[in-house]
Amino acid sequence: QCSTHESDSSEPGSFRKKGFESNLLMGKIQRFQCKKCWYTFNANVFHINYYARKPFNYKKLVNAMISASGIRDMARQFRCSPKTIQNRIDRLAQKAICLTAPILGQIDLQEDLAADGLESFILSQFFPTNINILVGQKSQFIYFFNSFYFHRKGRMTEKQKEKAEELYKVAYFEEKAPSKSFKELLDYIAEMMDRSAMEECILDTDENTIYHHQFQKHPGLKGVTHRKTNSKEERNTSNKLFPCNYIDRQIRKDQAEHVRETLQHGRNMNNAMNRFSVYSFWHNFKKPFRINRKKSVYLRHGETAGLDLELVKQIGEQLTDETRILPFSIEGYFTDFQRKLLRRELSNPLNRPAV
């Protein structure tokens, strides 16, 4: 709460040196003290390994995450515990969100959009999840995502019905979660259109009635046309939902917990969305737009979406360097979903939310 801790008001000389400390990971470290609130801190506060006792190869970790490796598989590779792996992923996720939030909060939209839900599950198949994803039509750039879980649907055996009834007695479900989740996506589109030079934009979705109802009653979608496509149509490049289908395929291929009938499913919504945050960052800023293109036209999804080439390269390299970004310094750029994720306030089926 000290004003000197805010990035826009800190000044040279607002803190002073306050001795040294040492640890096995970083060696000798300079300590400092704020001249206003007298809070002490060390230089390691701004290092990604803050409060860690073991050095880590974050580039290797990202490569494992995008290659369908499970948490225990990565723990064996790095010779550490699964909790350590998830801790390092959480650090990467916080940094990925902090790096992309200011860019996505100011990006100039230059293309039509497509939105759809990726269905997976959390904890068990009695708690299906839906990850709403907003994708650029031309670039396949992931602009926005959020998630929710719901009751299991479809046919069940008598034994499964009994187990579901028992679980749902103690499970927590957010009221009207599908509608709230898609409304947040539409809010984000409205914000993008307000600062974009585009006067008209098309939003492609399937024929889900929730999408239609939320779009019809949203007050801020000026210039946005809702175009619906039957989800049973052939999933090729001519399909209007190709961007979402493409992202869906990539995620199911690259992330172990979203592979069909996977055994490596997510067990905590906050952890699952942190892993997804790192993946979406890699997709937007590191992955080639088309792998089989010539080197002369090598583009990433961010460049195809209209971002500056040097900016995309710079942001892409910052994810795995040693710096740490403190979320409070860019608080104004986060969506509601990102704020909850950074504070680990996303609810889980058998645990009520923290607030």
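Look a little higher up for the structure.
Notes on the structure follow. (Residues numbered from 1 in each chain as written. Predicted model: local features only at pLDDT ≥ 70, side-chain atom pairs only at ≥ 80, totals over all residues. Heavy atoms only, no water.)

### Topic: the pattern of salt bridges
Reasoning step 1: Counted under the stated rule, the structure contains 15 salt bridges.
Reasoning step 2: When the shortest N-O distance is used, the salt bridge between Asp187 and Lys183 registers 3.2 Å. A residue pair is termed a helical-turn pair when its members lie 3 or 4 positions apart in one helix, as Asp187 and Lys183 do in helix α5 (residues 177-195) at four residues.
Reasoning step 3: Here Asp187 falls in the partly exposed class, since its relative accessible area comes to 26%. (Salt bridge = Lys/Arg side-chain N within 4 Å of Asp/Glu carboxyl O. Helix = DSSP H or I, 4+ residues; strand = E, 2+ residues; numbered from the N terminus. Buried < 20%, exposed > 50% of the residue type's maximum accessible area, 1.4 Å probe, protein only.)

### Things to note about α5
Reasoning step 1: With 19 residues, α5 extends 28 Å between its outermost C-alpha atoms, agreeing within 8% with the 27 Å of an ideal straight helix rising 1.5 Å per residue.
Reasoning step 2: Along α5, the residues that are buried comprise Ala177, Ser181, Phe182, Glu184, Leu185, Leu186, Tyr188, Ile189, Ala190, Met192 and Met193. (Expected span 1.5 Å × (residues − 1).)

### Comments concerning helix α8 (residues 269-285)
Reasoning step 1: Helix length check: α8 (17 residues) gives 24 Å between terminal C-alpha atoms against 24 Å at 1.5 Å per residue, within 8%.
Reasoning step 2: Taking burial as the measure, the 17 residues of α8 include 17 buried ones, the bulk of the element.
Reasoning step 3: The N-cap of α8, judged by a side-chain oxygen 2.9 Å from the amide nitrogen of Asn270 a few residues on, is Asn268. (Polar contact = N/O pair within 3.5 Å; in protein donor to acceptor, adjacent residues only side chain to side chain.)

### Considerations on the sheet that holds strand β2 (residues 27-34)
Reasoning step 1: Spatially, the three strands line up as an open sheet ordered β1-β2-β3, and their pairing is antiparallel. For this open sheet the edge positions go to β1 (15-23) and β3 (40-42), each flanked by a neighbour on one side alone. Strand-to-strand twist in this sheet, taken as the mean axis angle between neighbours without regard to direction, amounts to 30°.
Reasoning step 2: Both β2 and β3 contribute to a ladder of three bridges, which runs antiparallel. Within the sheet, the bridge partner assigned to Phe32 lies in β3 and is Phe41. (Pairing = 2+ DSSP bridges. Axes fitted to C-alpha atoms, helices over the stretch in contact; angles between N-to-C directions.)

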